[in-house]
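Per-entry structural report
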Amino acid sequence: MSKKGLLLCVCQGTCPSFQDMDTFEVLNTLRRENIFEWVGLHPQLCAEDGDRYLRELLKGADIDELYVAACDPVMQRKMYRDAFDAVGFDRNKHIGIEIRNMNTEQVINEIKKAVNEKERWKNNFL
């Protein structure tokens, strides 16, 4: 079983695309279900302090996969690239999940779906 971490980024908590989501219900539900080794929250990972946060968090991190539920996964790959490279975190361990314009239940389901798809992929190809 791979070790997974989850970061939830909510675009400062002021972006209208996150207003229908209960951030703490999402984190608590997934934490209680033991899907992840740990869950975390950052208000804006794309900001300069978000880069510092990622570098500190991932420095020597013992996880196989980092799930980031936030904005567009393609944008995430570009925004977090420098932080990953700075600490030698393999970019392929990052799984981006778009959760904009979803309610709490949809966000939880979307994150679980990403985990299940990754597990199926690993079982079929590794």
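A separate point is the nonpolar core. Core analysis: the biggest nonpolar cluster contains 20 residues, and Leu6, Val26, Tyr67, Ile99 and Ile111 have the highest contact counts within it. Of all the elements in the fold, those that place two or more residues in this core are strand S1 (4–9), helix H1 (23–32), strand S3 (65–70), strand S4 (94–98) and helix H4 (104–125). The biggest single contributor to this core is H4, with five residues. Aside from chain neighbours lying at most four places away, what touches Leu6 is Leu27, Leu30, Phe36, Trp38, Val39, Gly40, Tyr67, Ala69 and Ile111.

Moving on to the sheet that holds S1. Pairing is parallel in the open sheet, where four strands are placed in the order S2-S1-S3-S4. Among the strands making up the open sheet, the edge pair consists of strand S2 (38–42) and S4. Adjacent strand axes in the sheet meet at a mean angle of 20 degrees, parallel and antiparallel pairs treated alike. The pairing of S1 with S3 spans five bridges and is classified as parallel. Paired with Gly5 across the bridge in S3 is Leu66. Contacts from H1 reach S1 and S2 within the one sheet, and its direction differs from that of S2 by about 165 degrees. Relative to the sheet, helix H3 (residues 73–87) contacts S3 and S4, its axis offset from that of S4 by approximately 145 degrees.

Cut-offs and rules
- Residues numbered from 1 in each chain as written.
- Predicted model: local features only at pLDDT ≥ 70, side-chain atom pairs only at ≥ 80, totals over all residues.
- Heavy atoms only, no water.
- Core = buried A, V, L, I, M, F, W, Y, C linked by side-chain atoms within 4.5 Å.
- Buried < 20%, exposed > 50% of the residue type's maximum accessible area, 1.4 Å probe, protein only.
- Helix = DSSP H or I, 4+ residues; strand = E, 2+ residues; numbered from the N terminus.
- Contact = heavy atoms within 4.5 Å.
- Pairing = 2+ DSSP bridges.
- Axes fitted to C-alpha atoms, helices over the stretch in contact; angles between N-to-C directions.

The quantities given are spatial measurements derived from coordinates; they are silent on function.
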